[in-house]
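Geometric and topological summary
The residues making up each chain are set out below.
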Amino acid sequence: MIRPIIYDNNILKLLDQRKLPSEQIYCECSDFDSIVEAIRSMKVRGAPAIGVAAAFGFYFGIRDGLNADKVYSKLFDTRPTAVNLKWGLDRMKESFEKYGENYLEKTAIEIFDEDVKTNKKLSSHGASLFKGGENILTHCNAGALATAGYGTALGVIRSVFYKTKNIHVYVDETRPFFQGSRLTSFELREEGIEHTVICDNMAGFLMNSGIVDKVIVGADRIACNGDAANKIGTYQLAVLSGFHNIPFYIAAPVSSIDFSLKSGEEIPIEYRDVNEVAYCGGSRIVPEGIDILNPAFDVTPHNLITAFITEKGVFQSEDIKNIQRR
Ligand SMILES: CSC[C@H]1O[C@H](OP(=O)(O)O)[C@H](O)[C@@H]1O
């Protein structure tokens, strides 16, 4: 199983996801600043994974005598959309306020270990929605690489594969960071799961050809009414799925639900460096001096989502607000 994050005696080893699939290189983070940089630069990415990394970043910052409020806010400001970042930091802050520095390392390790268990539970619930034989379309990477292990949307796909050995996955490449073609395909190849990489603009063609049976994606922040933020391009997949009457599932842990938000209108959308769009494989593909937009997420309205798959079970949008947090 791919291990995107390894904690070993005060060093957090992060599989540098910018270098996959061609190189498997771990960067070793031993202090607060290196974790802040790793999250910002997307060496580590994926809502649950950045929550885990931030938890260890908080521990390292306090261990090294930094101000707790500054540690919290600097980590909080790394990436605004995934609520798991805030969820992990809040757990660490609670531990610090209750027990001081003594339990911070233990709390960070608990968050790490819980995430893997959560993903396996979530994936088992999700697998009950699949009978095997389906063509499943997914977007971005919501796999082991986006979490502490096993994955959410890709965790469900893993569990269905282990159960039926009979699925085919269509993987959106997911420009401009290519989480799908670089990361999801890497994970599926490692598992021996048959799949086809497609360009993002091919999803409608496949659906209109009757090839796609179900769509499953992850989430970075879910509001109480079920509106959900996920990688840019998710919204248009949901619209296409609705038009073609294809089930559209979101797989996410309860830690991705923001119980303070009534709707998705309030979800902050991260805009990233436009050079992620302007360059591909190190070559410039957009003329100089041209306006470029690079929102990293979009919000799918709850009425386009068939069901939410969590570690607590499968829910409809109207039930999200009643899910117990822990
Ligand atoms: C299991 S959450 C994965 C979620 O996070 C990704 O965003 P990024 O790669 O920018 O961190 C994407 O939205 C995935 O669905």
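Residues numbered from 1 in each chain as written. Predicted model: local features only at pLDDT ≥ 70, side-chain atom pairs only at ≥ 80, totals over all residues. Heavy atoms only, no water.

Per an unreviewed UniProt entry, the protein carries the name Methylthioribose-1-phosphate isomerase and comes from Flexistipes sinusarabici. As recorded by UniProt, the Catalytic activity (unreviewed entry) comment attached to the protein reads in full: "5-(methylsulfanyl)-alpha-D-ribose 1-phosphate = 5-(methylsulfanyl)-D-ribulose 1-phosphate". You can read under Pathway (unreviewed entry) in the UniProt record for the protein the words "Amino-acid biosynthesis; L-methionine biosynthesis via salvage pathway; L-methionine from S-methyl-5-thio-alpha-D-ribose 1-phosphate: step 1/6." (UniProt positions renumbered as here; feature names shortened; annotations may be inferred.)

1. With respect to the environment of Asn135
Tracing the sequence through the fold places Asn135 in strand β4 (residues 135–138). As for Asn135 and Asn166, which are separated by 31 residues in sequence, their C-alpha atoms are 9.4 Å apart. Within the structure, the side chain of Asn135 is placed 2.9 Å from the backbone oxygen of Ile211, a separation counted as a polar contact. (Helix = DSSP H or I, 4+ residues; strand = E, 2+ residues; numbered from the N terminus. Polar contact = N/O pair within 3.5 Å; in protein donor to acceptor, adjacent residues only side chain to side chain.)

2. Overview of the site of the ligand
Around the ligand, 17 residues are found, and the nearest of them are Gly46, Arg79, Asp220, Asn230 and Lys231. Between an oxygen atom of the ligand and a main-chain N or O atom of Gly46, the distance comes to 2.8 Å. The side chain of Lys231 places a nitrogen or oxygen atom 2.6 Å from an oxygen atom of the ligand. Alone, the ligand offers 400 Å² of accessible surface; in the complex the protein occludes 99% of this. Only α2 (47–63) and β9 (228–231) provide two or more residues apiece to the shell around the ligand. Inspection of the shell around the ligand shows a minimum of three residues originating in each of domain 1 (5–117) and domain 2 (121–325). (Near = heavy atom within 4 Å. Areas by Shrake-Rupley, 256 points an atom, 1.4 Å probe, with all protein chains shown as cover. Domains from an automatic or database assignment.)

3. Quick notes on the UniProt feature "binding site: substrate" (unreviewed entry) in the protein
Mapped onto the present numbering, the UniProt feature "binding site: substrate" (unreviewed entry) falls at Arg45, Gly46, Ala47, Arg79, Gln179, Asn230 and Lys231. Tracing the backbone shows Gln179 in helix α7 (residues 179–191). Setting aside chain neighbours within four positions, we find Gln179 in contact with Met42, Arg45, Cys140, Asn141, Glu173, Thr174, Thr184 and Lys231. (Contact = heavy atoms within 4.5 Å.)

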